Amino acid sequence: MSATAANHDSRHPLFTALVLALVVAAMNIGLWWWGNLPHGPDDWHGQISGFSLSVFQRYQSPFKQDYPSDDEIAADLHLLSKYTGNVRTYTMQQNPQLYRLAQKEGLKVMAGAEIDKRLDNNEREIELLIAKARRYPETITRVIVGNEVLFRNDLTPEQMMAYLDRVRAALHQPVSIAEPEYIWLKYPELADHVDFITIHLFPFWNGIPRSDAIPAALGAYNEIQQRFPNKHIVVGEIGWPSNGDRHEYADPSVSNEAIFIRNWLNLAKQHHIEYYLLEAFDQPWKENLGEGRTGAYWGIFNADRQPKFPFTGPVTEDTAWPWKAIAASLLSLLPMIWFARRFSRFKLMGRLFFCMLIQLACGLLTWSATLPFNFYLSWVDWTMLVLLFPAQIAILSILLINGFEFTEVLWRRGWVRHAGMLRPDPPEKQPFVSIHLACYNEPPEMVIVTLDSLAALDYANFEVLVIDNNTKDPAVWQPVQEYCEKLGTRFRFFHLEPWPGYKAGALNFGLKETDPRADVVAVIDADYEVRADWLATLTGYFHDPKVAVVQCPQAHREFVHNTFRRMTAWEYDGFFRIGMHHRNERNAIIQHGTMTMVRRTALEGTGGWSEWTICEDAELGLRLMHAGYELVYVDELMGKGLTPADFKAYKSQRYRWAFGAMQILKGRWDWMTKKGPLSAGQRFHFLTGWFSWFADALHLIFTLMALFWTAGMVAYPQYFSLPMQLFLIPVIGFFFAKAIFGIVLYRARVPCSWYDTLMASLASMGLSHAIARGILHGLTREKTSFVVTAKSRRLGGSNFAAFAPVREEALMAIALLLCIVGMALGYGTRYIEGTLWMFILAAQSIPYVSAVVGAWIAHKAGDKAG
């Protein structure tokens, strides 16, 4: 953007915001219009040859013994009489009054007897067929004995031919059996036992795309005509579904049904083909007949007896799209204007991008809320929808939160609250700093390295308190004590046993022992080597009385040649290069328990370190913000520690962080949700900052649900159907969006190679299960053990033992793999929903596979180090 445009933008932010919002809203309406472009098949004028007919109303079903009344059947027949003079039925025992009512409407009926493996029932059907045909000879003009009986292998051809001969001998009306065309070619002897041939043509079930369906149907018809030139041929069923599951290359939709039907009507008229369209009305109960969701949507009229499409003029897939598009645009308009105005400091492209993201979220909400009404959903489907719709809102919320971070990091004009190193003060102006180093069972040689780096600080006014709490073995803590004594009087050592409160308890003890001269308390972990200028270049920030904390990144060393330590080091780096800057813009950083300095009066005045949470550092930062203080983040590597020694330690640390985050969320809920000392930006970050971890918890819950549902689909497909695209598409979109956001931000902000970016992603994904458990346990439990993160390598074990820390992840990965195999064997790629579901199962397995791979890498890296 040019300087002139930028100046105009800053002078008129509301105008720019309004224009951006209107442009994006117009783009949204344009996309809805493009997705519903009208199609123009040839018009149809005139009567339809016939309809296959089932007269069950929307909520009726023969399975429930719930049948239509005379008035309902009469209304259906009256409606159809405006379009045709012929209908076809399939059973004689259901709705027997239909023939009497059809006679009143002047409709001709091709009556069918239901024939299957139930021989006694077949007798009743045939007897009723003969009786009704004799009673209504002017109405029942043809009869069908059996519908796709040989296709289902219910009976043998010989049995069917005996039934046909019997009915032909009893009636004057022409008699036939209805089968797909290939059955007639397979059993040509059937033709000698019928008066006319009835074929079913279903290019949809042959997986043929709609554009090739009419030639395919005509080709099948011509083949039968050539094989049986002396027989009259009737197409007993032909049609295309308007909704349901895709079958290979055949896609069900309203526009495809309209185009197929109208093209067929014109072609049949041209070739003088007699046919019955399948079917007159949608029949929701047919979802349970083995055809899946598609079985309910073959009607020319929907289940409410409204025509799905016109027979003349263009066809629109969704006639309600303008209202949905406008609703989505109106829903997003105010949020877009607010964002573009509030964050006018972002570059124009960034504001445009996030406005588009807001519009996308509102469009998906509108689509998700209205799409179910295109289906005939059972109570099970509605229950799933009610349960999953809030989850979709949560997914979109996480997407917007991640998108906001993405936008600010990539398209800021500059950081508002950037802080760097300061010119060192002269010794007489330096605040006195008390450095606290809490230890528990740490290797003495590692702690000594840290002490040496502290002793080398280029700073005059400081002390070091080493607080060892609850280390049992004197051989571990006594060497540290002895070394502190060698370093001089500014290094003081304390051994506490027993001592409550974990690290926070030790730090509170240290606070009481702090030199009265101390203005600042600094905290580092026992494995850190600090730079000599750490204190000198940063304590100057405390001359501002509003500043309570100066925080530096949690960085690492000695990882370059160790694959596991390297991938984890870069994974940690991502948050400090991206997330901390994002939060720092609103004075909402996460205080960490190392490389942090705190104003002593602020620390003591707000109650010291909280011992009720295992994340006392993050809780302190929030408490100081609540007290009105500023926290400063300096993205400078002033000290470096060691990464976790192995995958068990890595997981344990992240579990602790997640559990502690939930303790804080519960303990400080009122602070985050009610207006008070915390700013809106601080409340936003401390509420939504955990959403990515909530996504891990949701991932675990969804995975368990997916395993259960997939097992049901494989074992009991009659009860468990494929999930609708409504549930699948947003999940897949979220997966891709989150992956893209993460990788792009890493490439923009973290100074590592593509290889390191991908390995850091592997490490991050491998923590998903540990985070999920931490979140769920933190929400449901009050306390957990504080497990110190092991930084030194433990003794290696067998290759099999490498996977002990990831037993649960391995089991989840195996279960998901078995589900994918089961889906592939049971469903293949016949349905797009089945393919999408297998993709989701594969995507769900990535965190678990990543954990297994991460554990193996850690094991092999440990072997090499050993």
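These numbers come from a predicted model, not from an experiment. (Residues numbered from 1 in each chain as written. Predicted model: local features only at pLDDT ≥ 70, side-chain atom pairs only at ≥ 80, totals over all residues. Heavy atoms only, no water.)

> Residue-level account of a nonpolar patch on the surface, with values.
A grouping of F15, V19, V23, M27 and M356 is seen on the molecular surface, where their side chains present a nonpolar patch of about 420 Å² in accessible area. Checked against the element boundaries, M27 lands in helix α2 (residues 13-35). Overall, M27 belongs to the partly exposed group, its relative accessible area being 39%. (Patch = residues over 30% accessible without salt bridge, like charges linked within 9 Å, V, L, I, M, F, W, Y side chains within 5 Å. Areas by Shrake-Rupley, 256 points an atom, 1.4 Å probe, with all protein chains shown as cover. Salt bridge = Lys/Arg side-chain N within 4 Å of Asp/Glu carboxyl O. Helix = DSSP H or I, 4+ residues; strand = E, 2+ residues; numbered from the N terminus. Buried < 20%, exposed > 50% of the residue type's maximum accessible area, 1.4 Å probe, protein only.)

> Give me the state of the cysteines: which residues, what numbers.
Across all of its chains, the model carries zero disulfides by this definition. Sulfur of C552: no disulfide; nearest cysteine sulfur belongs to C615 and is 20 Å away. (Disulfide = S-S within 2.5 Å.)

> Explain the nonpolar core residue by residue, including any values.
If you look at the biggest cluster of nonpolar residues, it comprises 83 residues, and the most contacted ones within it are W264 and L277. No other element matches the eight residues that helix α9 (residues 254-271) contributes to this core. Once you skip the residues sitting within four places of it in the chain, W264 turns out to touch L201, I214, A217, V235, I238, I273, Y275 and L277. In this structure, M567, L620, L678 and W690 belong to the second largest nonpolar core, which totals 60 residues. (Core = buried A, V, L, I, M, F, W, Y, C linked by side-chain atoms within 4.5 Å. Contact = heavy atoms within 4.5 Å.)

> Explain the packing of aromatic side chains to me, using residue names and the numbers behind them.
Considering all chains together, one arrives at 47 aromatic pairs under this definition. Taken together, a centroid distance of 5.9 Å and an interplanar angle of 70° make the contact between F647 and Y650 edge-to-face. Taken together, the residues span about one helical turn, with F647 and Y650 both in helix α19 (residues 647-667) at a distance of three residues. Judged on exposure class, the residue F647 and its partner Y650 are both buried. Connected via pairs of aromatic rings, a cluster forms that spans W338, F339, F343, F346, F354, F404 and F684. The side chain of R142 reaches across the aromatic face of F196, ending 5.1 Å from its centre. (Phe/Tyr/Trp six-rings, centres within 6.5 Å; stacked < 30°, edge-to-face > 60°. Lys NZ or Arg CZ within 6 Å of the ring centre and 35° of its normal.)

> I'd like to hear about the sheet that holds strand β13 (residues 529-530), residue by residue, with values.
Spatially, β13-β18-β15 is the arrangement adopted by the three strands of the open sheet, whose pairing is mixed. The sheet is open, and its two edges are formed by β13 and β15 (555-556), each paired on a single side. Relative to strand β18 (residues 639-641), β15 is paired through two bridges, and the arrangement is parallel. Note on β18: the bridge partner recorded for A555 is K640. (Pairing = 2+ DSSP bridges.)

> So, the side chain of H200: which residues are in play, and what are the values?
Topologically, H200 is positioned in strand β6 (residues 196-201). A polar contact is formed between the side chain of H200 and the side chain of E148, at a distance of 2.7 Å. Engagement of the side chain of H200 in a polar contact is seen with the side chain of E237, the distance being 3.3 Å. The residues touching H200, leaving out its near neighbours within four places in the chain, are R88, N147, E148, A178, E179, P180, E181, G236 and E237. (Polar contact = N/O pair within 3.5 Å; in protein donor to acceptor, adjacent residues only side chain to side chain.)

> Give a detailed account of the sheet that holds strand β10 (residues 462-469), specifying residues and quantitative values.
The mixed open sheet is built from seven strands, whose spatial order is β11-β10-β9-β12-β16-β14-β17. Each edge of the open sheet carries a strand with a single partner, namely β11 (491-496) and β17 (630-633). On average, each strand axis in the sheet is tilted by 20° relative to the strand beside it, whichever way the strands run. Relative to β10, strand β9 (residues 433-439) is paired through seven bridges, and the arrangement is parallel. Across the sheet, the residue bridging to H436 is L465, located in β10. Where helix α13 (residues 444-455) meets the sheet, its contacts fall on β9, β10, β11 and β12 (520-524), and the angle it forms with β9 comes to roughly 175°. The strands that helix α15 (residues 502-513) touches are β9, β10, β11 and β12; relative to β10, the one it contacts most, it runs at about 140°. (Axes fitted to C-alpha atoms, helices over the stretch in contact; angles between N-to-C directions.)

> Give me the lowdown on unusual backbone geometry, citing residues and values where you can.
With an omega dihedral of -5°, the bond running from L278 to E279 counts as a cis peptide bond. As for its position among the elements, E279 is in the loop between β8 (274-277) and α10 (321-342). With an omega dihedral of -10°, the bond running from E497 to P498 counts as a cis peptide bond. The topology assignment puts P498 in the loop between β11 and α15. For N95, which is not glycine, the phi dihedral falls at a positive 50°. Among the secondary structure elements, N95 is positioned in the loop between β2 (86-88) and α4 (98-105). Of the residues examined, N95 reaches a relative accessible area of 9% and is grouped as buried. Even without a glycine there, the phi angle at N441 is positive, about 55°. You can see N441 is positioned in the loop between β9 and α13.

> Run through helix α14 (residues 474-487), naming residues and quoting values.
Relative to the 20 Å expected for 14 residues at 1.5 Å per residue, α14 spans 20 Å between its end C-alpha atoms, a close match to the ideal helical length. Those residues of α14 that sit buried are V476, W477, V480 and C484. Buried residues of α14 fall within an arc of 75° about the axis and therefore sit on the same side. Along α14, exposed side chains directed more than 90 degrees from the buried face belong to A475, E485 and K486. Against the buried residues of α14 lie α13, β10 and β11. Between the side-chain oxygen of the N-cap and the backbone nitrogen of A475 there are 2.9 Å, and the N-cap of α14 in question is D473. (Expected span 1.5 Å × (residues − 1). Arc of directions from axis to C-beta.)

> Please set out helix α18 (residues 616-626) residue by residue, giving values where relevant.
The element α18 is extensively covered by neighbouring structure, given that ten of its eleven residues are classed as buried. Those residues of α18 lying buried are E616, D617, A618, E619, L620, G621, L622, R623, L624 and M625. Where α18 ends, the next residue or the one after it, G628, has phi of about 95°, a positive value.

> Please provide a residue-by-residue account of the pairing of strand β5 (residues 175-180), values included.
Of all six residues in β5, six are buried, a share of seventy percent or more. Bridging between strand β4 (residues 140-147) and β5 involves three bridges; their strand directions are parallel. Bridged to N147 within β5 is A178. Read from β4 through helix α6 (residues 157-170) to β5, the crossover connection turns out right-handed. Crossover β5 to β6 through helix α7 (residues 181-186) is right-handed. (Right-handed = clockwise from strand over helix to strand, strands pointing away.)

> Describe the confidence of the model for the protein, with residues and values.
Taken over all residues, the pLDDT of the protein has a mean of 92, while the share at 70 or more is 96%. Below pLDDT 50 for its whole length, residues 1-8 participates in five contacts with residues either more than four positions away or in separate chains. (pLDDT = per-residue confidence, 0-100.)

> Give a detailed account of the pairing of strand β14 (residues 547-551), specifying residues and quantitative values.
The element β14 is largely enclosed, with a buried count of five among its five residues. Inspection of the sheet shows β14 paired to β17 by four bridges, in the parallel sense. Bridge pairing in β17 links V549 to L631. Both β14 and strand β16 (residues 596-599) contribute to a ladder of three bridges, which runs antiparallel. The residue of β16 that forms the bridge with Q551 is T596.

> Let's hear about the packing of helix α12 (residues 379-411) against helix α16 (residues 563-584): which residues, and what values?
Closest axis-to-axis distance for the α12/α16 pair is 10 Å, and the angle between their directions is 95°. Compared by their axis directions, α12 and α16 come out roughly perpendicular. Each of F404, E405, E408 and V409 in α12 lies in contact with α16, whose residues at this interface are I578, G579 and H582. Class assignment for the residues of the contact of α12 with α16 results in three nonpolar, two polar and two charged. (Parallel < 35°, antiparallel > 145°, perpendicular 65-115°, else oblique. Nonpolar A, V, L, I, M, F, W, Y, C, P; charged D, E, K, R; others polar.)

> Got a sec to walk through the environment of I48? Specific residues and values, please.
Here I48 shows up in the loop between α2 and β1 (51-52). For I48, a relative accessible area of 4% corresponds to the buried category. Separated by 32 residues in the primary sequence, I48 and L80 place their C-alpha atoms 9.7 Å from one another. Among all residues touching I48, those that are not within four sequence positions of it are Y83, T84, G85, L265, Y275, L277 and F311.

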